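One letter stands for each residue in the lines below.
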Amino acid sequence: MLLSVAIFIQHLHWLAPAAVMFGAAPCFLMVWWPARVCTALLPKRFYRRADDFLFSTYLRLMLFFFENCTGIEVMFYGEVDALLSSEPVENAIYISNHQSTMDWILGCSLALRRGALSRCRYVVKDGLKYFPLYGFYLNQHGTLFIQRAGKFKAEKAKKQLRAMVADKMPMWMVVFPEGTRFNPELKDVISSSREFSRKQGTSELSNVLYPRAKATQVCAEELKDYVSCMYDITIAYNNTRDVETGRRTASPGMPDFLSGHTSKVHIHISKIPVQEIPEEEEQFKLWLHHRFQLKEKLLTNFYSCEDQSKASFPGESHHLPLALRSTFPSFLLWGGSFAVCMAFKEARSIYWKTGLVSFVVGLAWVSART
C-alpha cells in the first residue's frame, strides 16, 4: 500500500510546476493589461518591445522548470555554430518535426540560446485561440491561428503576415508543417499520411508525417524579404523505442518531462539561407518534402540503435546546458507573484477578477475576429 502511494506521488511531481506555470498566467495578464493601456496611444514599437519582453520572461519561467529543474540533457547536432553565432540575431522561420506537446518548448529553448526568445511567434491550430487566457494573449502577440486542409484561409494569413512585416515585428516564426503530432499509436493518422504521399507520387515516410506545405509556403512567400534564413530542426526523444519489439513508442508529453521520465533530447540543426527556398508553390512542396525525407533518414538512424541510451544523430554532439541565471529570475518574478496572489485575500480577489475578465474579453475578441 505504501509503495503504491509512493509511486502515485512520484507520478504527480509534475503538478506543482504545472500549477505555477498555468497559475502565473493571470499574474502575467495583471501586468500585461496596464502595459497595453499605457502604450495604446504611443507608436506600436513601444507596445511591441514591452510585450516581447514580458512574454520572454514567461517563457523563461517555463524553461526553468523544463530544463533547469528536470536536469534534462539537450544534445545539439549539425550547424550548432549558427545557434551560438556572435552575429546579430536575425529574423527567421523555424520548422520542426512534431511529435509531442514539448516540441514548442524546445523551439523556445533554441530561441533562447540564439538570443531570439522575445521574437517567438507561432503558427498553430485555429481551435487553440479559444484556450482560456492563452488563446487571447497569443492572438495579441502575433500568432497565426490557421485551419487545416481545405479550410486553410491563405489570404487571411497573408494579410496578417504583411501587417506584421509593416509593423517591423521581430520574428522567430515557429511552424510545424506536419499539422498534427506524429504518434505511433495513431495508426489511422500515419496510414492517411502514407496514402497522401502515394497520391502525391512521393516516397512514404515512417518516422514523420507528410508535410502539409501551404501554411509554411505562405510564411516563406510573405517573409522572404523580411527573414534571412530558415532553421530546419529535427527532434528525437530518448526512451521512445520499445526494447522488446523494437518499435517506436509515443514521445513524452509535459507531465513526463516534469516528472523526470525523460533524461535526454537530441536536436539536429540545419540553417538554410532564405535565398535557397523555392518561391514557386509546387517547387516549394517538393523542396519541403525533401527536407522531411532528410528528417526521416536522421530519425531512422536514431531508432535503429539497439541501445537507445546510446542513440544519437550522426556527427559530433554538443551538450549546451542552460544557465540558471537565464531562467531563475523569471521563476522568482512569476512564481513569487503567484504565491503573493494566493497568500493575501485582496490579491486573490484581483487575481481571480483579472483571470475572469481576461477570459470573457478574450473569448469575445477571438469569436468576433473569426
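Placed above this text is the structure.
So, a few notes on the structure that sits alongside this text. What you see is a predicted model, and the numbers here were worked out from it, not measured in a lab. (Residues numbered from 1 in each chain as written. Predicted model: local features only at pLDDT ≥ 70, side-chain atom pairs only at ≥ 80, totals over all residues. Heavy atoms only, no water.)

1. Here's the deal with the overall build of the protein chain
Note the threshold: Helix numbers and strand numbers start at the N terminus; a helix is a DSSP run of H or I with at least 4 residues, a strand a run of E with at least 2. Throughout, radius of gyration means the C-alpha value; the globule benchmark is 2.2 Å times the number of residues raised to the power 0.38. Burial status follows relative accessibility: with a 1.4 Å probe on protein chains alone, a residue under 20% of its type maximum counts as buried, one over 50% as exposed, and anything between as partly exposed. Contacts: residue pairs with any heavy atoms within 4.5 Å of one another. Method for areas: the Shrake-Rupley scheme with a 1.4 Å probe, in which residue coverage is limited to the protein chains shown. Charge counting treats Lys and Arg as positive and Asp and Glu as negative, with His and both chain ends excluded. A charge is said to be at NZ when it belongs to Lys, at CZ for Arg, at CG for Asp and at CD for Glu.
Secondary structure assignment for the protein chain yields 13 helices and 8 strands. Here the C-alpha atoms of the protein chain give a radius of gyration of 21 Å, agreeing with the 21 Å that 2.2 N^0.38 yields for 370 residues. Along the longest, intermediate and shortest principal axes, the C-alpha atoms of the protein chain span 60 × 60 × 40 Å. Within the span of the protein chain, comprising 370 residues, buried residues form 49% of the whole. At a minimum sequence separation of 6, the contacts of the protein chain that also span at least 24 residues come to 80%. Approximately 18100 Å² of the protein chain is accessible, and the part contributed by carbon and sulfur atoms is 60%. With 43 positive and 34 negative side-chain charges, the protein chain shows a separation of 8 Å between the mean positions of the two kinds.

2. Details of the sheet that holds strand E5 (residues 172-175)
Heads up, the condition is: Here, strands pair whenever DSSP counts at least two bridges between them. What counts as an axis is a line fitted to C-alpha atoms, over the stretch in contact for a helix, and the angles between N-to-C directions run from 0 to 180 degrees.
Spatial strand order, E4-E3-E5-E2-E6-E7-E1-E8: 8 strands in an open sheet with mixed pairing. The open sheet has two edge strands, strand E4 (144-146) and strand E8 (318-319), and neither has a second partner. Across 2 bridges, strand E1 (residues 73-78) lies against E8 in antiparallel orientation. Bridging across to E8, Met75 finds its partner in His319. Set on the sheet, helix H7 (residues 154-166) makes contact with strand E3 (120-125), E4 and E5; between it and E4 the angle comes to about 175°. Relative to the sheet, helix H9 (residues 213-223) contacts strand E2 (92-96), E3, E4, E5 and strand E6 (229-237), its axis offset from that of E2 by approximately 165°.

3. Comments concerning the side chain of Thr202
Note the cut-off: Polar contacts, as used here, are pairs of N or O atoms within 3.5 Å; protein pairs need one atom able to donate a hydrogen and one able to accept it. Residues neighboring in sequence count only if both atoms are side-chain atoms.
Locating Thr202 in the fold gives a position in the loop between helix H8 (187-200) and H9. A polar contact is formed between the side chain of Thr202 and the side chain of His289, at a distance of 3.5 Å. Residues in contact with Thr202, not counting those within four places in the same chain, are Ser197, Tyr210 and His289.

4. So, a nonpolar patch on the surface
Note the following rule: Each patch is built from residues lacking any salt bridge and having more than 30% relative accessible area; the joining distance is 9 Å for like charges and 5 Å for nonpolar side chains (Val, Leu, Ile, Met, Phe, Trp, Tyr). Salt-bridge detection follows one rule: a side-chain nitrogen of Lys or Arg within 4 Å of a carboxyl oxygen of Asp or Glu.
A surface patch of nonpolar side chains, about 440 Å² in accessible area, is lined by Tyr130, Leu356, Phe359, Val360 and Leu363. Here Val360 is to be found in helix H13 (residues 345-368). We classify Val360 as partly exposed; its relative accessible area is 49%.

5. Quick look at the nonpolar core
Our working definition: As used in this record, nonpolar core signifies buried Ala, Val, Leu, Ile, Met, Phe, Trp, Tyr and Cys residues forming a set joined through side-chain atoms within 4.5 Å.
Of all hydrophobic cores here, the largest spans 62 residues; its most connected members are Phe66, Phe76, Trp172, Tyr231 and Ile267. Dropping the residues within four chain positions of it, Tyr231 is found in contact with Ala82, Glu90, Ala92, Ile93, Tyr94, Ile95, Arg114, Trp172, Ile269, Ser270 and Lys271.

6. Remarks on the packing of aromatic side chains
Where two aromatic rings form a pair, the distance of their centres and the angle of their planes describe that pair. Worth spelling out the cut-off: Stacked, tilted and edge-to-face are the three classes applied to pairs of Phe, Tyr and Trp rings, where Trp contributes its six-membered ring and a pair requires centres within 6.5 Å; stacked means planes under 30 degrees apart, edge-to-face means over 60, and tilted covers the rest. By definition, being over a ring means that NZ of Lys or CZ of Arg is both within 6 Å of the ring centre and within 35 degrees of the ring normal.
Per the stated rule, a full pass over the model turns up 30 aromatic pairs. On the basis of an interplanar angle of 80° and a centroid distance of 5.9 Å, the ring pair of Phe22 and Tyr134 is categorised as edge-to-face. Note that Phe22 is positioned in helix H2 (residues 15-38) and Tyr134 in helix H6 (residues 134-141), a separation of 112 residues in sequence. For Phe22, a relative accessible area of 41% translates into the label partly exposed. Measuring from ring centre to ring centre gives 5.0 Å for Phe28 and Tyr137, while their planes differ by 80°; the resulting arrangement is edge-to-face. Placement of the pair is Phe28 in helix H2 and Tyr137 in helix H6, with a sequence separation of 109 residues. Per residue, the accessibility class of Phe28 equals that of Tyr137, and both read buried. Here the guanidinium or amino end of Arg36 rests over the ring plane of Tyr47, the centre of that ring lying 4.1 Å away. Geometry around Phe196 places Arg212 over its ring, the cationic atom sitting 4.1 Å from the centre.

Interpretation note: all reported values are geometric properties and have no functional meaning in isolation.
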